[in-house]
Amino acid sequence: MNEQHQTLWQFMSGQSDKLLSQTLQHVGLTFISLLLAIAIGLPLGILIARKRKLSGTVLGIAGVLQTVPSIALLGFMIPVLGIGAKPAIVALLIYALLPIIRNTYTGIIGIDQHVKEAARAMGMSKSQILLKVELPLAMPVILAGVRTATVINVGVATLASFIAAGGLGEFIFGGISLNNTNMILAGAIPAALLAIILDALLSLIQKMDFKKLRKALYIFPVVILVLGGFYALPTAYGSTLTAGFTPEFMGRQDGDLGLKSTYGLKIHTIVISDAVMYKAAFAKELDVISGYSTDGRLKAFDLKILNDDKHIFPPYYAAPIVRDEALKKFPELEKTLNLLSGKITDSIMTDLNYKTDYLHQQPERVAKDFLISNGLYKAPKNGHNGTVKIGSKIFGEQYILAEMYSMLIKGNTDYDVATKTGLGGTKICFDALTNDQIDFYPEYTGTGLLVLLQPDPKIAKEMAHDKEKTFNYVSAEFEKKFKIKWLKPIGFNNSYALMMRQKQSKELDVNSITDLKNYLDKN
């Protein structure tokens, strides 16, 4: 059934195995980090309640760490801890510390001094007062901090999928990339329910009388350990190799879905951001990745493209797609954009990507150097005849192309330019185009065919391996359905590809996707 016509229930039923796996991972990440946060935060809270001069410093540091944006915190962890569960658990632990430390401190110092004096008068030692008086009386406040930390961790754990740690964020970010509401809700609803259920259960524990609470507290660490162990369950039955695929690749027919249906490929897969995927393969944390055939990191990290011997990846010739209304509004636009037609081959695009992806040169510099070397650069004019809005997806190649088009428009016309780069996945970019938020952006013929048009499988199969047929088909259909024109192709073919490290490919004798499938079947 076409995903666009599925109900949420049908989608979740069809993805039930994956949904269960991701929920277990999410629960595991939440409780492993929570256990560590309690082990660190509770003693720290007790310490600053004893030595109050330290309270400002400790709570201040915990507060500052809490203010660091979660996605940035995960990014900071990658160079130190790599990808996967370790950086995610450390980041979640940091976010859980503040409520636990603060509530432990507040609960203990809030106890009536007369109660403590009475305990001392009875001959209790400091440790006895702590264990038999202070902690029991402060426990409702401490548990309130644990509740807060738990809810925070459930929410922040959705970001763990960016660094291949799994969890319900895989569905959420996959859905955002593909503009698939069912996919977003399939991740968001279980995450919200998980937070509500866990908060309600901890609320019941918090309201227990002391005798029952004491028994529950003996069981509590064991329960957390068991729930934390859920993280290992989905990976315990994986294949001998691990693949890392981007969220968009996971939901596309010319991606993971096609690998399963056409090749019968069964490989343990984790969802990962394109930003860290190549480096993870180079560092041997992943064996197979989804990538782009003109990506500069192929060269940088010595990766090999596996031959697509059953041809599930159609031609992805890049070309600007422009709204018909924009072409009428800006009469010189089409001629200007076509100045780049046929100028960039596969090898040239790979080299340009290498400069941005690995040498970390700015896209503006790379674009300008290329235009100058090809005699296409002109100094900007005044730009008083309207503003052309350029969009791009969220990877280096698109940034470079957007900068090239911006410079060409400014140098060859009297139009000004506004760029809206990094719009995300295909559907987000295309929706921005159809809703008049942008006038054009660079798209790929294969993506136009399989993701945006989604024709009958027989038509798609017929078109998919002939670049001329594909271009002519998408051109005609886009004009008919969307009033959008495909301009002349830029020249290079940036298709999806599966990749491995060169050395590993030789060792395993895996040179094609069929070889990979056969290797996995035997091992």
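Residues numbered from 1 in each chain as written. Predicted model: local features only at pLDDT ≥ 70, side-chain atom pairs only at ≥ 80, totals over all residues. Heavy atoms only, no water.

Draft legend 1. Main features of the pairing of strand 6 (residues 387-391). The pairing of strand 6 with strand 7 (residues 416-420) spans five bridges and is parallel. Along strand 7, the bridge assignment pairs I390 with T419. (Pairing = 2+ DSSP bridges. Helix = DSSP H or I, 4+ residues; strand = E, 2+ residues; numbered from the N terminus.)

Draft legend 2. Inspection of the packing of helix 7 (residues 126-156) against helix 9 (residues 181-206) at higher detail. Running from amino to carboxyl end, helix 7 crosses helix 9 at an angle of 170 degrees, the nearest separation of the two axes being 9 Å. Our classification of the angle between helix 7 and helix 9 gives roughly antiparallel. Within the contact between the two elements, helix 7 uses P140, L143, A144, V146, R147, T150, V151 and V154 and helix 9 uses A191, L194, A195, L198, D199, L202, S203, I205 and Q206. (Axes fitted to C-alpha atoms, helices over the stretch in contact; angles between N-to-C directions. Parallel < 35°, antiparallel > 145°, perpendicular 65-115°, else oblique. Contact = heavy atoms within 4.5 Å.)

Draft legend 3. A look at the layout of surface pockets. By volume, the second largest pocket is sized at about 1,000 Å³. S273, D274, A275, I394 and F395 are, among the 39 residues lining the second largest pocket, the residues nearest its centre. If you list the elements that add at least two residues to the lining of the second largest pocket, you get helix 8 (169-178), helix 11 (247-250), helix 13 (274-282), helix 17 (346-357), helix 19 (396-412) and helix 20 (426-434). Here the element with the most residues in the lining of the second largest pocket is helix 13; it accounts for five residues. Looking at the lining of the second largest pocket, its residues break down into 18 nonpolar, 14 polar and seven charged. (1 Å grid on protein atoms, 1.4 Å probe; cavity = no way out; pocket = protein on both sides within 12 Å on 5 of 7 lines; lining within 4 Å. Points joined across faces, edges and corners; volume = space filled by probe spheres on them. Nonpolar A, V, L, I, M, F, W, Y, C, P; charged D, E, K, R; others polar.)

Draft legend 4. Main features of the packing of aromatic side chains. Summed over the entire model, instances satisfying the criterion amount to 19 aromatic pairs. Ring centres of F282 and F301 lie 5.1 Å apart, and the angle between their planes is 40 degrees; on these two criteria the pair is classed as tilted. Placement of the pair is F282 in helix 13 and F301 in the loop between helix 14 (297-300) and strand 4 (303-305), with a sequence separation of 19 residues. An aromatic cluster of three or more residues is present, and its members are F245, F249, Y292, F313, Y316, F395 and Y496. When the ring centre of Y354 is taken as reference, the NZ or CZ atom of K299 above it lies at 4.3 Å. (Phe/Tyr/Trp six-rings, centres within 6.5 Å; stacked < 30°, edge-to-face > 60°. Lys NZ or Arg CZ within 6 Å of the ring centre and 35° of its normal.)

Draft legend 5. The pattern of salt bridges, seen in detail. Applying the stated criterion across every chain, the model contains 19 salt bridges. A salt bridge links D287 to R501; its shortest N-O distance comes to 3.6 Å. Of the two residues, D287 sits in the loop between helix 13 and strand 3 (288-292) while R501 sits in strand 10 (residues 496-501), which places them 214 residues apart along the sequence. Among the residues examined, R501 registers a relative accessible area of 12% and is labelled buried. Here K355 ties to D351 by a salt bridge, and the two come within 3.8 Å at their closest N and O atoms. Pair noted here: K355 and D351 are both in helix 17, with a separation of four residues, about one helical turn. Take K355: its relative accessible area is 25%, and that puts it in the partly exposed class. In the salt-bridge network here, residues are joined through shared partners; they are R323, E325, K389, D436 and D439. (Salt bridge = Lys/Arg side-chain N within 4 Å of Asp/Glu carboxyl O. Buried < 20%, exposed > 50% of the residue type's maximum accessible area, 1.4 Å probe, protein only.)

Draft legend 6. Fine view of the side chain of T30. Locating T30 in the fold gives a position in helix 2 (residues 16-50). The exposure class assigned to T30 is buried, which follows from its relative accessible area of 0%. For T30, the side chain forms a polar contact with the main-chain oxygen of H26, separated by 2.8 Å. Contact partners of T30, with chain neighbours within four places excluded, come to T150, N153, V154 and A157. (Polar contact = N/O pair within 3.5 Å; in protein donor to acceptor, adjacent residues only side chain to side chain.)

Draft legend 7. Here's a closer look at the sheet that holds strand 1 (residues 242-245). Ordered in space as 2-1-3-10-4, the five strands form an open sheet in which the pairing is mixed. This sheet does not close on itself; its edge strands, each paired only once, are strand 2 (268-271) and strand 4. Between one strand and the next, the sheet's axes are offset by a mean angle of 35 degrees, whatever the strand orientation. Sheet analysis places strand 1 next to strand 2, joined by four bridges and oriented parallel.

Draft legend 8. Seen up close, the confidence of the model for the protein chain. Looking at the protein chain, the pLDDT average stands at 87 and 94% of residues meet or exceed 70. At the level of individual helices and strands, the protein chain shows its lowest average pLDDT in helix 10 (residues 210-229), which scores 69, and its highest in strand 9 (residues 484-486), which scores 97. (pLDDT = per-residue confidence, 0-100.)

Draft legend 9. Layout of empty space enclosed by the protein. Evaluated as defined, the whole model comprises two cavities of 30 Å³ or more. Considered as a void within the structure, the largest cavity measures approximately 50 Å³ in volume. If you go around the largest cavity, the residues you meet are Y292, D295, R297, N353, D357, F395, G396, E397 and N494. Going through the elements one at a time, helix 17 and helix 19 are the ones with two or more residues in the lining of the largest cavity. A class-by-class count of the residues in the lining of the largest cavity yields two nonpolar, three polar and four charged. Taken as a whole, the second largest cavity encloses approximately 40 Å³ of empty space. Contributing to the lining of the second largest cavity are L74, A88, A91, L92, V156, A157, L159 and A160.

Draft legend 10. Molecular detail of the nonpolar core. Of all hydrophobic cores here, the largest spans 95 residues; its most connected members are L340, M404 and L498. Broken down by element, this core gets its largest block of residues, eight residues, from helix 19. Counting residues in hydrophobic clusters, the runner-up holds 34 residues, among them L34, I48, Y105 and L135. (Core = buried A, V, L, I, M, F, W, Y, C linked by side-chain atoms within 4.5 Å.)

Draft legend 11. Molecular detail of the pairing of strand 10. Summarising burial for strand 10: six of the six residues are buried, a large majority. The pairing of strand 3 with strand 10 spans four bridges and is antiparallel. Counterpart to Y292 in the pairing with strand 10 is Y496. Of the pairings in the sheet, the one linking strand 4 to strand 10 comprises three bridges and is antiparallel in character. Looking across to strand 10, one finds that L303 is bridged to R501.

Draft legend 12. Spotlight on the environment of G422. One can find G422 in the loop between strand 7 and helix 20. Overall, G422 belongs to the partly exposed group, its relative accessible area being 26%. Not counting the four nearest positions on each side in its chain, G422 is found in contact with S392, K393, I394 and Y399.

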